[in-house]
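Given next are the chains, with one letter for each unit.
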Amino acid sequence: MSRSGMLQDKHAVVFGGGGSIGAAVAKELASEGAEVFLAGRSPTTVDLAAKQITAAGGRAHSDVVDALDAAAVDGYLEAVVRQAGSIDIEFNATGPRISEHGHGKPVLELAVDEFMTPVATVLLSQFITARAAARQMLEQGSGVIIFLTAIPARVPLPGSSGIAAAYGAVEAVMRTMAIELGPAGVRVVCLRTTANPDTRTIRDTTEVRAKTLNITPEQAVARLAEGTMLKVLPETADTAQAAAFLASDGARMMTGTVLNASAGAVTD
């Protein structure tokens, strides 16, 4: 299954491994030689992703883990180290559905609970999983922690205050962890993407946007693409390839920074 083999003999943990981006990243890491451990709340989706990887000749395992349960995450990563010997890569693609955090609502119409949902899910789960991975990586003196972020962290978008706050905080936490863990040989980076139209989240988002603008979902996607410098939107495969690069030795001098894979939707 391996192409370049740039991640040969690495051990990677992907939280949200049954979701669109998580599964794509897990498959890409495996295709580059990594042994992948997929964790998620739904056994059906993580099992399916793991089976697809093994069917293609890769090495994959699936487990049910709640990324918001700190004790469960700590225990899970300890078990991975006992089994595999190390954790070289950690990636978290978990997050709420847009219906859970009032996406598209103006600030004045947004309930406090809706605003806090991305903070209590995206930010908290990224912190919990990164911290747990860091504990293991410090012991071995190496590893790469990849945070997932998105363009609301960088540019103001109407109706996105909650998710923008969460992703902005994710990038801030990344920088803090990078300076703390760097002396021990652990890299911490962010991967920033924009709307991946082949994900459930973006399909839901474009349906809401289409209804608001009285256009078709396809037209809504086209408008998003038009807002990028490349006039296209990245697919999950593009996001996954960027994640694999960040995890590789080709990016060994990158830490405390954001890899902008948004097709030019935002600039740095």
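Source: prediction; values computed, not measured.

What counts and how
- The residue numbers shown here count from 1 along each chain, following its written sequence.
- This being a predicted model, a pLDDT of at least 70 is required before a residue's local features are given, and a value of 80 or more before pairs of side-chain atoms are given or counted; all residues contribute to the totals for chains, interfaces and linings.
- Values reported for side chains reflect all heavy atoms of the structure, with hydrogen atoms and water molecules removed beforehand.
- Any Lys or Arg side-chain nitrogen found within 4 Å of a carboxyl oxygen on Asp or Glu counts as a salt bridge.
- Helix numbering and strand numbering both begin at the N terminus, where a helix is a DSSP run of H or I of at least 4 residues and a strand a DSSP run of E of at least 2.
- Exposure categories follow from relative accessible area, calculated using a 1.4 Å probe and restricted to protein chains: below 20% of the type maximum is buried, above 50% is exposed, and the middle band is partly exposed.
- If DSSP finds at least two bridges between two strands, the strands pair.
- In this description, a line fitted to the C-alpha atoms serves as the axis of each element, helices being fitted only across the stretch in contact, and the angle between N-to-C directions of two axes falls anywhere from 0 to 180 degrees.
- Pairs of residues are marked as contacts when any of their non-hydrogen atoms sit within 4.5 Å.
- Orientation is classified from the angle alone, with under 35 degrees giving roughly parallel, over 145 giving roughly antiparallel, 65 to 115 giving roughly perpendicular, and any other angle giving oblique.
- We call a crossing left-handed when the near helix sits turned anticlockwise from the far one by less than a right angle, and right-handed when that turn is clockwise.
- Expected span, for any helix, means 1.5 Å times one less than how many residues it has.
- What the arc covers is the set of directions going from the helix axis to the C-beta atoms.

With respect to the pattern of salt bridges
Throughout the structure, instances matching the rule amount to 7 salt bridges. Measuring nitrogen to oxygen at the nearest pair gives 2.9 Å for the salt bridge that ties arginine 192 to aspartate 268. Of this pair, arginine 192 sits in strand E6 (residues 186-193) while aspartate 268 sits in the segment after strand E7 (258-260), and the two are 76 residues apart along the sequence. Using a relative accessible area of 2% as the deciding quantity, one classes arginine 192 as buried.

A short note on the sheet that holds E6
Reading across the sheet, the 7 strands line up as E3-E2-E1-E4-E5-E6-E7 and stay open at both edges, with parallel pairing between neighbours. Strand pairing shows two members of the sheet lacking a second neighbour, strand E3 (59-64) and E7, which therefore form its edges. The mean angle between the axes of side-by-side strands here comes to 20 degrees, regardless of whether they run parallel or antiparallel. When strand E2 (residues 35-40) meets E3, the two strands line up parallel, connected through 6 bridges. What sits directly across from phenylalanine 37, in E3, is histidine 61. Across the sheet, helix H3 (residues 70-84) touches strand E1 (11-15), E2 and E3, and the angle it forms with E1 is around 155 degrees.

Remarks on the packing of helix H1 (residues 20-31) against helix H8 (residues 236-247)
Two elements in contact, H1 and H8, have axes separated by 8 Å at closest approach and are oriented at 50 degrees. Compared by their axis directions, H1 and H8 come out oblique. Like other packed secondary-structure pairs, H1 and H8 cross with a definite hand, here right-handed. Counted together, Ser20, Ile21, Ala24, Val25, Glu28 and Leu29 of H1 and Thr236, Thr239, Ala240, Gln241, Ala243, Ala244 and Ala247 of H8 form the full contact between these two elements.

Here we look at helix H2 (residues 43-55)
Compared with an ideal rise of 1.5 Å per residue, which puts 13 residues at 18 Å, H2 spans 18 Å between its outermost C-alpha atoms and is within 8% of the ideal. Buried within H2 we find Val46, Ala49, Ala50 and Ile53. Summarising the axial view, the buried residues of H2 lie within an arc of 95 degrees, below the 170-degree limit, and thus occupy one face. Within H2, the exposed residues directed more than 90 degrees away from the buried face are Thr44, Lys51 and Ala55. Contacts from the buried residues of H2 go to H1, E2 and E3. Positive phi shows up at glycine 57, right after H2, with a value of about 100 degrees.

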